Amino acid sequence: MENRLRIYNTLTRKVELFVPNEDGKVGMYTCGPTVYHFAHIGNLRSYLMEDILEKTLRYLGYDVKRVMNITDVGHLSSDADTGEDKMVKGAKREHKTVMEIAKFYTDAFFEDCRKLCIKRPDVVEPATNCIGEFIHMVETLLEKGYAYVSGENVYFDTSKLNEYYVLTNHSEEELLEGVRDDVEVDANKKNKNDFVLWFTKSKFEDQALKWDSPWGVGYPGWHIECSGISIKHLGERMDIHCGGVDNIFPHHTNEIAQSEAYLGHKWCNYWMHVHHLNDKSGKMSKSKGEFLTVSLLESKGYDPMVYRLFCLQSHYRKPLEFSYEVMDQAAAAYAKLKKRIAALSADGAVDREAFAEFRRRFEDALCSDLNTSSAITVLYDMLKAEIGDATKRALAESFDEVLSLRLLEAPAQETTAVDEELTAWIEERLAERKEAKKSKDFARADAIRAELLEKGVQIKDTREGTVWERI
Ligand code: AMP
Ligand code: ZN
């Protein structure tokens, strides 16, 4: 099939034509959540834009297999392998077991995803399911001379690589500067950037989950999880790997180091990274300031779809600043958009030529490094265009396969302040319109629609029948 998607590849630092290993098939991997707490809406921005990537690929006709891990062990407080395990911290905070915490927050994560119309990946694999795979990788890395045992932990030896910093063009000093704050020097490491593949000795002896291994009872490092799980499900060559920008270093840099050392060849061709959502004070946090979750937005009256629209209005490679003012603007835009689409009549035939033209423009926007705001502009242009309602409806439905903004779902029926008399009158008009349509008196049917509209009642024909709402 024709490859048309152009996407920024962190590995080459260029926008490139996306060409998968196997024609028409894509193996895609997403770093999943660490399930020690609720996801904040910043985390969810990353998953939402990765969802756009997946759906764009499917829209273009690719057969996509997307895999996501669930980090339920091994992610320490600092990404550079120091501090307490985040899961243990979460369990202590809530006086529960690590597995209880993992189950609760995994479910909460997918519930947030459902609300935001983020598709569940084809494979979702908790790290604790794959301990055997991680041990096998660590054994192989030791055999090949890429790893060493020190202070009862197994480390990856970054000095064995020709090039370690493959994802960044920063200098080594700059990168170290970035992590220095929360890194305590680990005297067991031969080189500063060496990282733990398997822990048996941690300062925190109360690590809840431990497994037997050739190096003693312990647990895997965080980075090995993603290599192990992706290779298990996607094989030795992967097309595209995603995550937030904070994952570039050290997490993804370490994933590449250990995967390619283990496999002996190139592993993943494209790396897609989503920039951060920040709040006014800067980086979003689960512990400081307002903990912004989907539920919090809902409690303030925002439909999760408004947050989705807010994210889609800007490019995934730009930092995005959250504020309630911009959410309000997005809410107004969303309500208007839905109303406009709800007002489209389902009568008439679809103009195939116009449909193909607008679909092409929509695809072009997405193929241009996932330019979702341009894709939304195509949606607005289409709604303004001189084409029939049926074509517009069909196009909105089609675009929503990627945008997933529930564009064609009826707005919630208003139950308040509609008196019985008015309801009876509306029902009568609807019955009359149904008869008119049955006898092909479309002029009469349209007149009834207009009469209803004049009374502030919008109708919409759906597969289940005609529904109405007050506007
Ligand atoms: P974690 O659960 O901490 O492993 O993070 C889950 C995902 O959210 C990762 O892909 C991170 O890169 C991403 N992420 C973390 N903070 C933000 C943020 N403020 N904005 C966007 N993505 C983020
Ligand atoms: Zn990962």
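Further up the page is the structure itself.
First, a word on what this report is: a plain description of the structure on this page. Everything numeric here is computed off the predicted structure, so don't read it as measured data.

1. A word on the nonpolar core
Ranked by size, the top nonpolar core spans 90 residues in total, and within it Ile7, Leu53, Tyr307 and Phe399 carry the most contacts. Filtering out sequence-adjacent residues up to four positions away, isoleucine 7 remains in contact with Lys14, Val15, Glu16, Phe18, Leu53, Ile240, Tyr270, Met272, Tyr316, Asp369 and Leu370. Within the second largest apolar cluster, 48 residues are counted, among which are Val154, Trp198, Ile231 and Ala261.

2. Here's the deal with the coordination of the zinc ion (ligand 2)
Every protein donor of the zinc ion (ligand 2) is accounted for by Cys31 (SG), Cys226 (SG), His251 (NE2) and Glu255 (OE), and the metal-donor separations fall at 2.1 to 2.7 Å. Geometry at the zinc ion (ligand 2) is irregular, judged from its 4 donor atoms and the angles of 73 to 128 degrees they form at the metal. When the donor residues of the zinc ion (ligand 2) are listed from N- to C-terminus, their spacing reads C-x194-C-x24-H-x3-E. Taken as a pair, cysteine 226 in helix 6 (residues 222-234) and glutamate 255 in helix 7 (residues 248-263) lie far apart in primary sequence, 29 residues in all.

3. Considerations on helix 12 (residues 372-384)
Taking 1.5 Å of rise per residue, the 13 residues of helix 12 would be expected to cover 18 Å, and the 19 Å separating its terminal C-alpha atoms lies within 8% of that figure. Every buried residue of helix 12 is accounted for by Thr372, Ala375, Ile376, Val378, Leu379, Met382 and Leu383. Seen along its axis, helix 12 keeps its buried residues to an arc of 150 degrees; they face one direction. Here the buried face of helix 12 lies against helix 1 (41-59), helix 9 (304-312), helix 10 (324-342), helix 11 (352-367) and helix 13 (389-403).

4. Concerning the environment of phenylalanine 134
Secondary-structure assignment places phenylalanine 134 in helix 4 (residues 131-143). With 92 residues separating them in the primary sequence, phenylalanine 134 and cysteine 226 have C-alpha atoms 9.6 Å apart. Ignoring anything within four residues of it in the chain, the contact list for phenylalanine 134 reads Ala127, Pro220, Ile224, Glu225, Gly228 and Ile229.

5. Some remarks on the side chain of lysine 460
Positionally, lysine 460 belongs in strand 15 (residues 457-462). Taking relative accessible area as the criterion, lysine 460 reaches 6% and is therefore assigned buried. Of note is the side chain of lysine 460, whose polar atom sits 2.7 Å from the backbone oxygen of leucine 408.

6. Details of the packing of helix 10 against helix 12
The N-to-C vectors of helix 10 and helix 12 enclose an angle of 40 degrees; their axes lie 11 Å apart at closest approach. Taken together, the axes of helix 10 and helix 12 are oblique relative to one another. Crossing geometry of helix 10 relative to helix 12 is assigned as left-handed. Residue-level inspection shows Ala333, Leu337, Arg340 and Ile341 of helix 10 in contact with helix 12, the latter providing Leu379, Tyr380, Leu383 and Lys384.

7. A few points about the site of ligand 1
Contacts to ligand 1 come from 16 residues, most closely from Thr34, Gly42, Ser46, Asp246 and Leu277. Interatomic distance of 2.8 Å between a side-chain N/O atom of serine 46 and a nitrogen atom of ligand 1. With respect to ligand 1, the backbone of leucine 277 contributes an N or O atom lying 2.9 Å from a nitrogen atom. Here ligand 1, which alone exposes 500 Å², has 93% of that area covered by the protein. At the level of elements, helix 1 and strand 10 (238-244) are the ones that each hand at least two residues to the shell around ligand 1. When residues of the shell around ligand 1 are assigned to their parent elements, the largest contribution, 4 residues, is made by helix 1. Within the shell around ligand 1, the residues separate by chemical class into 4 nonpolar, 11 polar and 1 charged.

8. Details of unusual backbone geometry
At the junction of phenylalanine 249 and proline 250, the peptide bond is cis and its omega measures out at 5 degrees in the coordinates. For proline 250, the location among the structural elements is in helix 7. Phi at aspartate 369 takes a positive value of approximately 50 degrees, unusual for a residue other than glycine. Even without glycine at this site, arginine 406 takes up a positive phi of about 50 degrees.

9. Thoughts on the sheet that holds strand 8 (residues 195-199)
Ordered in space as 6-7-8-9, the 4 strands form an open sheet in which the pairing is antiparallel. Single-partner strands in this sheet number two, and they are strand 6 (147-150) and strand 9 (219-220). Here 3 bridges tie strand 7 (residues 153-156) to strand 8, and the two strands are oriented antiparallel to one another. Residue valine 154 lies in a different strand from strand 8, and its bridge partner there is tryptophan 198.

10. Some thoughts on the side chain of asparagine 247
Relative to the helices and strands, asparagine 247 resides in the loop between strand 10 and helix 7. On the accessibility criterion, asparagine 247 (9% relative accessible area) is buried. With sequence-adjacent residues up to four places away left out, asparagine 247 is seen in contact with Cys31, Trp222 and His252.

11. Some words on the packing of helix 11 against helix 12
Packing of helix 11 against helix 12 brings their axes to within 7 Å, and their N-to-C directions diverge by 165 degrees. Taken together, the axes of helix 11 and helix 12 are roughly antiparallel relative to one another. Helix 12 is crossed by helix 11, and the crossing has right-handed handedness. Counted together, Phe358, Arg361, Phe362, Ala365 and Leu366 of helix 11 and Thr372, Ser374, Ala375, Val378, Asp381 and Met382 of helix 12 form the full contact between these two elements. Here the contact of helix 11 with helix 12 is built from residues that sort into 7 nonpolar, 2 polar and 2 charged.

12. So, the packing of aromatic side chains
One pass over the structure, following the stated rule, counts 22 aromatic pairs. Measuring from ring centre to ring centre gives 5.1 Å for phenylalanine 156 and phenylalanine 195, while their planes differ by 10 degrees; the resulting arrangement is stacked. Taken together, the residues span a long stretch of sequence, with phenylalanine 156 in strand 7 and phenylalanine 195 in strand 8 at a distance of 39 residues. Pair check on accessibility: phenylalanine 156 and phenylalanine 195 agree, each one buried. The structure contains a cluster of three or more aromatic residues connected by ring pairs, namely Tyr302, Tyr307, Phe310, Phe322 and Tyr324. In this structure, lysine 96 is placed above the aromatic ring of phenylalanine 104, and the distance from its NZ or CZ to the ring centre is 5.4 Å. When the ring centre of tyrosine 8 is taken as reference, the NZ or CZ atom of arginine 317 above it lies at 4.0 Å.

The rules we used
- Residues numbered from 1 in each chain as written.
- Chains lettered and ligands numbered in written order.
- Predicted model: local features only at pLDDT ≥ 70, side-chain atom pairs only at ≥ 80, totals over all residues.
- Heavy atoms only, no water.
- Core = buried A, V, L, I, M, F, W, Y, C linked by side-chain atoms within 4.5 Å.
- Buried < 20%, exposed > 50% of the residue type's maximum accessible area, 1.4 Å probe, protein only.
- Contact = heavy atoms within 4.5 Å.
- Donors = N, O, S within 2.8 Å, 3.2 Å for Na, K, Ca; no water.
- Tetrahedral: all angles 85-135°; square planar, octahedral: opposite > 155°, others 65-115°.
- Helix = DSSP H or I, 4+ residues; strand = E, 2+ residues; numbered from the N terminus.
- Expected span 1.5 Å × (residues − 1).
- Arc of directions from axis to C-beta.
- Polar contact = N/O pair within 3.5 Å; in protein donor to acceptor, adjacent residues only side chain to side chain.
- Axes fitted to C-alpha atoms, helices over the stretch in contact; angles between N-to-C directions.
- Parallel < 35°, antiparallel > 145°, perpendicular 65-115°, else oblique.
- Left-handed = near helix turned anticlockwise from the far one by under 90°.
- Near = heavy atom within 4 Å.
- Areas by Shrake-Rupley, 256 points an atom, 1.4 Å probe, with all protein chains shown as cover.
- Nonpolar A, V, L, I, M, F, W, Y, C, P; charged D, E, K, R; others polar.
- Pairing = 2+ DSSP bridges.
- Phe/Tyr/Trp six-rings, centres within 6.5 Å; stacked < 30°, edge-to-face > 60°.
- Lys NZ or Arg CZ within 6 Å of the ring centre and 35° of its normal.

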